[in-house]
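Examining the three-dimensional arrangement
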Amino acid sequence: MLALFALVLAACSGGKPESAIEAFYRAAAKGDVEKATEQISFAQVPAAQMVQAKGKVQMIVGEMQSRINANDGLDRIEMEQVTVDEAGKAAQVRARIKYKNGKDQTQVHKLVNEDGTWKILLK
């Protein structure tokens, strides 16, 4: 399921790209689909597929919350590498998600800057 997550998501939230990643994982840990969805860019999703895309985000958030709970909760999110293009319009973030049981995993996310706000790309 995390492979699906890696393929589906890629950026979000104001300020720095890392802020969007942090906000997304914190929202997912709480099961807050609305807050998590705010971190996603739907700009490349055709209008006819918007309901399906939002449903996919809801499914991913549920799966992530289950995984986080199965690993005794979310400890912290470490940004290992952040690359922003020269125009400041696209970014790639490699984040390590650390769980309270000592396990961790690394995910790579692509983000876009939409009117000054970083959003995770939905593919």
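Our structure is the block above this text.
Residues numbered from 1 in each chain as written. Predicted model: local features only at pLDDT ≥ 70, side-chain atom pairs only at ≥ 80, totals over all residues. Heavy atoms only, no water.

1. Concerning helix α2 (residues 17–30)
To be explicit about the condition: Only DSSP runs of H or I covering at least 4 residues are called helices, and only runs of E covering at least 2 are called strands; the numbering of each starts at the N terminus. By this rule, a helix spans an expected 1.5 Å times one less than how many residues it contains. Exposure categories follow from relative accessible area, calculated using a 1.4 Å probe and restricted to protein chains: below 20% of the type maximum is buried, above 50% is exposed, and the middle band is partly exposed.
Here α2 contains 14 residues, and its C-alpha end-to-end distance of 21 Å stays within 8% of the 20 Å for a straight helix at 1.5 Å per residue. Within α2, the full set of buried residues consists of Pro 17, Ala 20, Ile 21, Ala 23, Phe 24, Tyr 25, Ala 27 and Ala 28. Once α2 finishes, Gly 31 follows within two positions and takes phi at roughly 75°, a positive value.

2. Focus on the packing of aromatic side chains
The criterion, for reference: Think of it this way: a Phe, Tyr or Trp ring, Trp meaning its six-membered ring, pairs with another when their centres are within 6.5 Å, and the plane angle makes it stacked under 30 degrees, edge-to-face over 60, tilted otherwise. Note on criteria: charge over ring means Lys NZ or Arg CZ within 6 Å of the ring centre, with the direction from the centre no more than 35 degrees off the ring normal.
In the structure shown here, the tally under the stated rule is 1 aromatic pair. Taken together, a centroid distance of 6.0 Å and an interplanar angle of 85° make the contact between Phe 24 and Tyr 25 edge-to-face. Residue classification places Tyr 25 among the buried residues on the basis of a relative accessible area of 4%. In this arrangement the basic side chain of Lys 54 is found over the ring face of Phe 42, its NZ or CZ atom lying 5.6 Å from the centre.

3. Focus on unusual backbone geometry
If you check the backbone angles, Asp 72 has positive phi at about 65° while not being a glycine. Relative to the helices and strands, Asp 72 resides in the loop between α4 (50–70) and β3 (74–84). The phi dihedral of Asp 115 falls on the positive side, at around 55°, and the residue is not glycine. By secondary structure assignment, the location of Asp 115 is in the loop between β5 (104–114) and β6 (117–121).

4. Considerations on the packing of α2 against α4
Basically, it comes down to this: Axis definition: a line fit to C-alpha positions, over the contact stretch in the case of helices; interaxial angles, taken between N-to-C directions, run 0 to 180 degrees. Here the angle decides the label: under 35 degrees means roughly parallel, over 145 means roughly antiparallel, 65 to 115 means roughly perpendicular, and every other value means oblique. Residue contacts are counted whenever heavy atoms from the two residues lie within 4.5 Å of one another. All residues other than Ala, Val, Leu, Ile, Met, Phe, Trp, Tyr, Cys, Pro, Asp, Glu, Lys and Arg, Gly among them, are scored as polar; the first ten of these are nonpolar and the last four charged.
Between α2 and α4, the shortest axis-to-axis distance is 7 Å and the interhelical angle comes to 75°. By the criterion of interaxial angle, the relationship of α2 to α4 is roughly perpendicular. On the side of α2, the interface is formed by Phe 24, Tyr 25, Ala 28, Ala 29 and Lys 30, while α4 contributes Val 61, Met 64, Gln 65 and Ile 68. Class assignment for the residues of the contact of α2 with α4 results in 7 nonpolar, 1 polar and 1 charged.

5. Looking at the pattern of salt bridges
Should the charged atoms of two oppositely charged side chains come close, the side chains can pair. Which entries qualify depends on this criterion: Salt bridge, as used here, is a side-chain nitrogen of Lys or Arg placed within 4 Å of a carboxyl oxygen of Asp or Glu.
One pass over the structure, following the stated rule, counts 7 salt bridges. A salt bridge links Arg 96 to Glu 80; the nearest nitrogen and oxygen atoms lie 2.5 Å apart. On the criterion of sequence distance, the pair formed by Arg 96 in strand β4 (residues 90–99) and Glu 80 in strand β3 is long-range, its members being 16 residues apart. Residue classification places Arg 96 among the partly exposed positions, given a relative accessible area of 22%. Several salt bridges share partner residues, and in doing so they unite Asp 75, Arg 76, Glu 78 and Lys 98 into one network.

6. Some remarks on the pairing of β3
Going by this rule: Here a strand pair is declared whenever DSSP counts at least two bridges between the two strands.
As judged from the 9 bridges shared by β3 and β4, these two strands associate in the antiparallel manner. If you follow Glu 78 over to β4, its bridge partner there is Arg 96.

7. Here we look at α4
One turn of the α-helix equals 3.6 residues, which is why residues spaced by three or four share an orientation. What counts here: Directions pointing from the helix axis toward each C-beta atom define the arc.
Here α4 contains 21 residues, and its C-alpha end-to-end distance of 30 Å stays within 8% of the 30 Å for a straight helix at 1.5 Å per residue. When we look at burial in α4, the residues that qualify are Ala 53, Val 57, Ile 60, Val 61, Met 64 and Ile 68. Buried residues of α4, viewed axially, fall in a sector of 105°; they line one side. Relative to its buried face, α4 has exposed residues pointing more than 90 degrees away, namely Val 51, Gln 52 and Ala 70.

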